[in-house]
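Residue-level listing of the chains:
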Amino acid sequence: MSIKQIILKHGKEEALKRRHPWIFSGAIFKAEGNPDNGEIVHVVTGKNEPLGTGFYSRGSIAIRLFEFDVVDPTAKYWSAKIGKAIDFRKSIGLYGSKVTNVFRLFNAEGDGIPGLIIDFYNGVAVIQCHTHGTYALRNEFAEALKDNLGKDLKAVYDKSAESLGEEGAENSYLYQAKGFNPEEVQTVTENGFQFAIDWVSGQKTGFFIDQRDNRKLLGEYSKGKKVLNTFCYTGGFSVYALAAGATLVHSVDSSLKAVELADHNVELNLKDANHESFSDDVFSFFKNYPETYDVIVLDPPAFAKHMNARHSAIIAYKRLNTEAFKRVNKGGIVFSFSCSGVVTRELFEGAVTAAAIEAGRNVRVLTRLGQPACHPVSIFHSEGEYLKGLVLYVE
Ligand code: SAH
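Residues numbered from 1 in each chain as written. Predicted model: local features only at pLDDT ≥ 70, side-chain atom pairs only at ≥ 80, totals over all residues. Heavy atoms only, no water.

1. Things to note about the site of the ligand
Next, step 1: Residues in contact with the ligand amount to 15 residues; listed here are only the nearest, Arg215, Asp253, Asp281, Val282 and Asp299.
Next, step 2: In the environment of the ligand, an oxygen atom lies 2.7 Å from a nitrogen or oxygen atom belonging to the side chain of Asp253.
Next, step 3: Across the complex, the protein chains shield 88% of the 580 Å² of accessible surface that the ligand would expose by itself.
Next, step 4: The class makeup of the residues in the shell around the ligand is 7 nonpolar, 3 polar and 5 charged. (Near = heavy atom within 4 Å. Polar contact = N/O pair within 3.5 Å; in protein donor to acceptor, adjacent residues only side chain to side chain. Areas by Shrake-Rupley, 256 points an atom, 1.4 Å probe, with all protein chains shown as cover. Nonpolar A, V, L, I, M, F, W, Y, C, P; charged D, E, K, R; others polar.)

2. Thoughts on the sheet that holds strand 1 (residues 4-8)
Next, step 1: If you trace the 6 strands from one edge of the open sheet to the other, you get 2-6-5-4-1-3, paired in mixed fashion. Both outer strands of the open sheet, strand 2 (22-24) and strand 3 (28-31), are each paired with one neighbouring strand and no more. Mean inter-strand twist for the sheet, computed between neighbouring axes without regard to direction, equals 35°.
Next, step 2: The sheet contact formed by strand 1 and strand 4 (residues 40-44) spans 4 bridges and is parallel. By the bridge assignment, Ile6 is partnered in strand 4 with Val43.
Next, step 3: Seen against the sheet, helix 2 (residues 75-91) touches strand 4, strand 5 (50-56) and strand 6 (61-67) and runs at an angle of roughly 80° to strand 6. (Pairing = 2+ DSSP bridges. Helix = DSSP H or I, 4+ residues; strand = E, 2+ residues; numbered from the N terminus. Axes fitted to C-alpha atoms, helices over the stretch in contact; angles between N-to-C directions. Contact = heavy atoms within 4.5 Å.)

3. Here's the deal with the pattern of salt bridges
Next, step 1: One pass over the full model with this rule turns up 13 salt bridges.
Next, step 2: Between Asp119 and Arg104 there is a salt bridge, with its nearest N and O atoms 2.7 Å apart. Residue Asp119 is located in strand 8 (residues 116-121), and its partner Arg104 is located in strand 7 (residues 102-107); the two are separated by 15 residues in the primary sequence.
Next, step 3: Accessibility expressed as a relative area gives 1% for Asp119, which makes it buried. (Salt bridge = Lys/Arg side-chain N within 4 Å of Asp/Glu carboxyl O. Buried < 20%, exposed > 50% of the residue type's maximum accessible area, 1.4 Å probe, protein only.)

4. What to know about the domain arrangement of the protein chain
Next, step 1: Under the domain assignment, the protein chain is made up of domain 1 (4-67), domain 2 (75-188) and domain 3 (208-394).
Next, step 2: If you average the C-alpha positions of domain 1 and of domain 3, the two centres end up 39 Å apart. (Domains from an automatic or database assignment.)

5. Concerning helix 8 (residues 236-243)
Next, step 1: Counting buried positions over the 8 residues of helix 8 gives 7, a clear majority of the element.
Next, step 2: Restricting attention to buried positions, one finds in helix 8 the residues Gly236, Phe237, Ser238, Val239, Tyr240, Ala241 and Leu242.
Next, step 3: Once helix 8 ends, the next one or two residues include Gly245, with phi positive near 105°.

6. Observations concerning the packing of aromatic side chains
Next, step 1: Summed over the entire model, instances satisfying the criterion amount to 24 aromatic pairs.
Next, step 2: Through pairs of rings, three or more aromatic residues link up here, namely Phe55, Phe66, Tyr77, Trp78 and Phe141.
Next, step 3: Here the basic side chain of Lys226 rests over the ring of Tyr293, its NZ or CZ set 5.3 Å away from the ring centre.
Next, step 4: Seen from the ring of Phe283, Arg319 lies directly overhead, with NZ or CZ sitting 4.0 Å from the centre. (Phe/Tyr/Trp six-rings, centres within 6.5 Å; stacked < 30°, edge-to-face > 60°. Lys NZ or Arg CZ within 6 Å of the ring centre and 35° of its normal.)

7. A short note on the nonpolar core
One recurring pattern in soluble globular proteins is that nonpolar side chains are buried together.
Next, step 1: Among the nonpolar cores identified, the biggest contains 68 residues, and Trp78, Ile82, Leu105, Ile118, Tyr121, Leu145 and Phe335 are the most heavily contacted of them.
Next, step 2: Excluding its chain neighbours within four sequence positions, the residues that come into contact with Phe335 are Asn214, Leu217, Leu218, Tyr221, Ile296, Val297, Leu298, Leu369, Leu390 and Val391.
Next, step 3: Core analysis: the second largest hydrophobic core is formed by 30 residues, Leu228, Val282, Ala324 and Ala355 among them. (Core = buried A, V, L, I, M, F, W, Y, C linked by side-chain atoms within 4.5 Å.)

8. Examining the sheet that holds strand 9 (residues 124-129)
Next, step 1: Pairing in this open sheet of 5 strands is mixed, and the strands run 7-8-9-10-11 from one edge to the other. For this open sheet the edge positions go to strand 7 and strand 11 (172-176), each flanked by a neighbour on one side alone. Mean inter-strand twist for the sheet, computed between neighbouring axes without regard to direction, equals 20°.
Next, step 2: Here 4 bridges tie strand 10 (residues 155-158) to strand 11, and the two strands are oriented antiparallel to one another.

9. As for the packing of helix 7 (residues 212-220) against helix 8
Next, step 1: Helix 8 packs onto helix 7 with a crossing angle of 30° between their chain directions and a minimal axis gap of 8 Å. Pair helix 7 / helix 8 crosses with right-handed handedness. For the pair helix 7 and helix 8, contact is made by Arg212, Asn214, Arg215, Lys216, Leu218 and Gly219 and by Gly236, Phe237, Tyr240 and Ala241, respectively.
Next, step 2: Among the residues making up the contact of helix 7 with helix 8, the classes are represented as 4 nonpolar, 3 polar and 3 charged. (Left-handed = near helix turned anticlockwise from the far one by under 90°.)

10. A few points about the packing of helix 11 (residues 310-327) against helix 12 (residues 345-359)
Next, step 1: Taken N-terminus to C-terminus, the directions of helix 11 and helix 12 make an angle of 40°; their axes are 8 Å apart at the nearest point. Relative to helix 12, the element helix 11 lies oblique. Helix 12 is crossed by helix 11, and the crossing has right-handed handedness. Taking contact as the criterion, the partners of Arg310, Ile314, Tyr317, Lys318, Asn321, Thr322, Phe325 and Lys326 in helix 11 are, on helix 12, Leu347, Phe348, Ala351, Val352, Ala354, Ala355, Ala356, Glu358 and Ala359.
Next, step 2: Residue composition of the contact of helix 11 with helix 12, by class: 11 nonpolar, 2 polar and 4 charged. (Parallel < 35°, antiparallel > 145°, perpendicular 65-115°, else oblique.)

Encoded structure:
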């Protein structure tokens, strides 16, 4: 079956020439043969000049390009793309590292296939497809992982049901090497710390890999400090703070399962740690538990996943940061994050500024934080930079 062609309106090729991988529906002059949702299409100008190849979709982002040229992708093509992503992780010392065996192996647009996320958990690859185009190719991606990783690959688990947001998509193993036992609890190592992972029932692909560098930095601020880790999930920040010598860490998450995992992970790494966890809504915790802290971590879930939720998200960031500024001791530190893609750094920092004003505290920015190197962002696609963080000194 030949690949259908999409002809762009005159002048709409400019953004593509700047290597931005999205084409909005308004840019399309003509779509040949009514392509299906997720179908691979070729994109050309009105003069039939080749522009790219991508996944067609019936949304406002009509095409997501994976190549800025006209190509007919084969199994070999996908394998080479995934191989390139693995080579990059090798070149920065992540793949094969002795202290870290959990990282993002493929980061969507940042690695050249929009809609495809692959996280690596000590030999188990968890695939998360965000579009129909990538979901249709999940078995090709599993094969590509086998090609590239050989004996290093223990299993491939497809966890796209939630990210695809569609009925019918079910999570399942696409591959299991001989000897792999899916019932066994898997433990990974991050910067030398152990974490038990459950990609089947855990949130996202099982672990928030994107906070690796920021957790390490928190450790540097935690010695001798009383620390509050809000939205703790599996307790990543708590483990680093305690290991670095925090005198006490309180971990809060509304999910009881998360809090249990956080407790378990603290025990995996430390004996007799001064750690207490609370299964509570963070806002009610702040209301009902009138403690103050030297260091507070705010790492909420994405308050806005879509543009129409952006305004209320900004209000929620302001409210949350106000609570932290009211509760942090003089000379204390707040690590404040936003992982909402649609909330830009400028908007996020505006909300934090408004919170400092409301709390009546003088706040200084020590460091601006983002995603680790295994979550690369194409410089032409700033939308890929979803994680924004601030290290703040509160006078
Ligand atoms: N900081 C974590 C990741 C946080 S993910 C890490 O390093 O791994 C966001 C977490 O917030 C989830 O575990 C979710 O259960 C929790 N959560 C969401 N809304 C909440 C609320 N209102 N109060 C407390 N926890 C909440």
